[in-house]
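# Overview (structure and organization)
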Amino acid sequence: MTFSLKGVIEIAKILRLMVNGVGYQVSIESHVTLLEILRDQLGLMGTKEGCDGGECGACTVLLYGQPVLSCLILAEDVEGKPITTIEGVAKPNQLDPVQEALLQEGAVQCGFCTPGIVLSVKALLNRNPHPAIGEIKEALSGNLCRCTGYFKIIKAVQRAVEMKKGL
Amino acid sequence: MKLKPFVYYHPAALKKAFQFVSAYEPNEYLFVGGGTDVLVRMRQKLIQPRVIIDLKTIQGLKDIKIQDNYMTIGSVATLEEVTNFSTSRNQLAALATACKRVAGPQVRNMGTIGGNVCLETRCSYYNQMVWPGGFEPCFKRGGTLCHVMRRGKSCYALFCGDTPPALMVLNAVLCLAGPNGSREIPVNDFYSNDGINHLNKEPQEIITKIKIPLNKKVKSTYARSSERQAIDFPDPGVAMAVDLEAGRIAREVYVAVTGLLSKPMRLKSIEDMLRGTDLRRINSQKLDDYLKKLKVIPHQGRSPWYKKHMLKVLIDRAIGDILPERSD
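Residues numbered from 1 in each chain as written. Chains lettered and ligands numbered in written order. Predicted model: local features only at pLDDT ≥ 70, side-chain atom pairs only at ≥ 80, totals over all residues. Heavy atoms only, no water.

## Section: the packing of helix H2 (residues 97-105) of chain A against helix H5 (residues 151-165) of chain A
Residues and elements named next belong to chain A. The condition is simple: The axes are straight lines fitted to the C-alpha atoms, using for helices just the contacting stretch, and the angles between their N-to-C directions are given from 0 to 180°. Strands here are runs of E lasting at least two residues and helices are runs of H or I lasting at least four, both read from the DSSP assignment and numbered beginning at the N terminus. Here roughly perpendicular refers to angles of 65 to 115 degrees, roughly parallel to angles under 35, roughly antiparallel to angles over 145, and oblique to all remaining angles. Should the near helix be turned anticlockwise from the far one by less than a right angle, the crossing is left-handed, and should it be turned clockwise, the crossing is right-handed. Only heavy atoms enter the contact rule, under which two residues are in contact if any of them lie within 4.5 Å. Note that Gly is not counted as nonpolar here; it falls among the polar residues with everything else outside the nonpolar set of Ala, Val, Leu, Ile, Met, Phe, Trp, Tyr, Cys and Pro and the charged set of Asp, Glu, Lys and Arg.
Contact geometry for H2 and H5: axes closest at 8 Å, N-to-C directions at 130 degrees. Classified by the angle between their axes, H2 and H5 sit oblique to one another. Here H2 runs over H5; the crossing is right-handed. In this structure, H2 uses Pro 97, Val 98, Glu 100, Ala 101, Leu 102, Gln 104 and Glu 105 to contact H5, whose residues at the interface are Lys 152, Ile 153, Lys 155, Ala 156, Arg 159, Ala 160, Met 163 and Lys 164. Partitioned by chemical class, the residues of the contact of H2 with H5 number eight nonpolar, one polar and six charged.

What follows is the structure in structure tokens.
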């Protein structure tokens, strides 16, 4: 990267990103958010742009396993750091219990919030495998859903907890 | 909306950061912690800095520790990290709750406590009305009027950070650093009641850490009202800390509020009223009299009556948190 002290010029840079266990080398010409890189450059369209302002959670990804908003992260801040998107959740030919539970409960309507919700729930269950209903609601409080009214989503999380117990 | 080009500098040390900004005018650069306030305003094109300096890469600004009977919190520690550290200490309950109530889990994993202390003031005519809609630009947007206070001669944007009132009632001190050296300032003196210049610091100064004196005798709490329980800003939020004698007499009491004015502030008249009294028996009429005299800005359709009424409800709730065995 080059810059002049007084002038501002576009930067041309190679970023090395680690997404879903895969290393990517991405060339960027100006500062972009992680969300833009995931969708526009890496073709990982599962992460959604809902509000572009940090209020809806549709752009949620996991950074070091913790939920964050990719629309507010400048891509170079996460160079080399482990990022998980919705595409990294299911195993080959097998949905994750959280995904399975959401489908079985009918908790997906338009599906736009769902990737963010799956990741927030995954992060919750990784740190607390048996959350109380209040803890589930709190973990989902950064993910807005305009379709379902959340009821079935919460039931699905409880179902996923049971499913994981049986595994 | 695509971001305008800017230089993003990642210094490893404070000295390098100050050296770098010395080449620019104060309005050309911004320091960034988690980015959950700055990036949003950049996306909305409310601010377009030419330079952004990343505070996350600077050594030593994230540590949280207990030292010499103080809790010191690095300004770049995330709200989640501060919550986890303070959650088991009675004295720090206000801080733990305030940090835990900011926004949602994702923002708390990114946003820093320093950023929340320096949160930019908000107004529906500034943050929400970002598309041209026949609104003449107000003071905060470079214009010559205020849409909220029609006869106002200055900006009345609201301060809505959750953590400052908690830090105020805990008598926290902010450590600032700048190109000309470091200084300390009590949180109580850090704010001015101006919607544009609400922070008493130079643009080149940053908060490096926050020091809270530890006192096992103090119990604190934070009570907050907002449209939704998450994501929305406090409307208002009240922090209270008391040193109780015999479990109910307030030997010392601190009360601070956010979401009422362009600055968070201590409510000294209410503290004077509560000090030395039995918190189980508050003089409701006296409280009403004090609240009547409070100046409050009507934002987002919330009338001063509503905000003062909620303030009373929250003070009551805060006392209930501190005295759970209180009979009503």
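Next, the rest of the story.
## Some remarks on the pairing of strand S7 (residues 181-186) of chain B
Residue and element names in this part refer to chain B. Applicable threshold: Should DSSP find at least two bridges between two strands, the strands are taken to pair.
Two elements, strand S6 (residues 173-178) and S7, share six bridges in a ladder whose sense is antiparallel. Bridge assignment links Leu 174 to a residue of S7, and that residue is Ile 185. Hairpin remark: S6 followed by S7, antiparallel, with two residues in the connecting loop.

## Re the sheet that holds strand S5 (residues 70-74) of chain B
Residues and elements named next belong to chain B. With respect to topology, five strands assemble into an open sheet ordered S4-S5-S8-S6-S7, the strand pairing being antiparallel. Edge strands, defined here as strands with exactly one partner in the open sheet, are strand S4 (64-67) and S7. Going across the sheet, the axis of each strand differs from the next one's by a mean of 25 degrees, ignoring polarity. Inspection of the sheet shows S6 paired to strand S8 (residues 206-213) by five bridges, in the antiparallel sense. Looking at the pairing, Leu 176 lines up with Ile 207 of S8. Where helix H3 (residues 79-86) meets the sheet, its contacts fall on S4 and S5, and the angle it forms with S4 comes to roughly 35 degrees.

## Brief notes about the nonpolar core
Definition in use: Among buried residues, those of type Ala, Val, Leu, Ile, Met, Phe, Trp, Tyr and Cys that are joined through side-chain atoms within 4.5 Å constitute a nonpolar core. Throughout, exposure labels follow a simple rule: accessible area from a 1.4 Å probe, protein chains only, divided by the maximum for the residue type, with under 20% read as buried, over 50% as exposed, and the rest as partly exposed.
Counting residues in each nonpolar core, the largest one holds 111 residues, and the members touching the most others are B:Ile73, B:Ile210, B:Ile212 and B:Met240. Setting aside residues up to four positions removed in sequence, B:Ile210 forms contacts with B:Met71, B:Thr72, B:Ile73, B:Ile113, B:Val117, B:Leu167, B:Ala172, B:Val173 and B:Leu174. Judged by nonpolar contacts, the second largest core, of 25 residues, contains A:Cys113, A:Ile117, A:Ile136 and A:Ala160.

## So, the interface of chain A and chain B
Selection criterion: Salt-bridge detection follows one rule: a side-chain nitrogen of Lys or Arg within 4 Å of a carboxyl oxygen of Asp or Glu. The term polar contact refers here to a pair of N or O atoms within 3.5 Å; inside protein, the definition further demands a hydrogen-donor-capable atom paired with an acceptor-capable atom, and it admits residues adjacent in sequence only when both atoms are side-chain atoms.
Tallying the contact residues gives 33 residues for chain A and 32 residues for chain B. Inspection of the chain A/chain B interface yields five salt bridges. Between A:Glu36 and B:Arg43 there is a salt bridge; the shortest N-O distance is 3.7 Å. Applying the counting rule to chain A against chain B returns 11 residue pairs in polar contact (both at pLDDT 80 or more).

## A closer look at unusual backbone geometry
In this chain, B:Asp235 is followed by B:Pro236 through a cis amide linkage whose omega measures -10 degrees. Secondary-structure assignment places B:Pro236 in the loop between strand S9 (218-224) and strand S10 (237-245). Of note, A:Asn93 is a non-glycine position whose phi angle comes to about 65 degrees, a positive value. Mapped onto the fold, A:Asn93 is located in the loop between strand S5 (82-84) and H2. For A:Asn93, a relative accessible area of 86% translates into the label exposed. A positive phi angle is found at B:Lys45, which is not glycine, with a value near 60 degrees. Assignment of secondary structure puts B:Lys45 in the loop between helix H2 (38-43) and strand S3 (51-54).

## Brief notes about the sheet that holds strand S2 (residues 29-32) of chain B
Residue and element names in this part refer to chain B. Read from one edge to the other, the open sheet built from three strands follows the order S1-S3-S2, with strand pairing classed as parallel. Edge positions in the open sheet fall to strand S1 (7-9) and S2, since each of these has one partner strand only. Along the sheet, successive strands turn relative to each other by an average axial angle of 20 degrees, direction set aside. The pairing of S2 with S3 spans four bridges and is classified as parallel. Note on S3: the bridge partner recorded for Leu 30 is Ile 52.

## Re the packing of aromatic side chains
Residue and element names in this part refer to chain B. Just so we agree on the cut-off: Note on ring pairs: Phe, Tyr and Trp rings are taken, using the six-membered ring of Trp, and paired if centres are within 6.5 Å. Classes follow the plane angle, with under 30 degrees stacked, over 60 edge-to-face and the rest tilted. Any Lys NZ or Arg CZ found within 6 Å of a ring centre and within 35 degrees of that ring's normal is scored as a charge over the ring.
Counted under the stated rule, the structure contains six aromatic pairs over all chains. Chaining the aromatic ring pairs together yields one cluster made of Tyr 9, Phe 20 and Tyr 24. Taking NZ or CZ as reference, Lys 140 lies 4.9 Å from the ring centre of Tyr 126, over its face. Positioned above the aromatic ring of Tyr 70, the side-chain terminus of Lys 211 is 5.1 Å from the ring centre.

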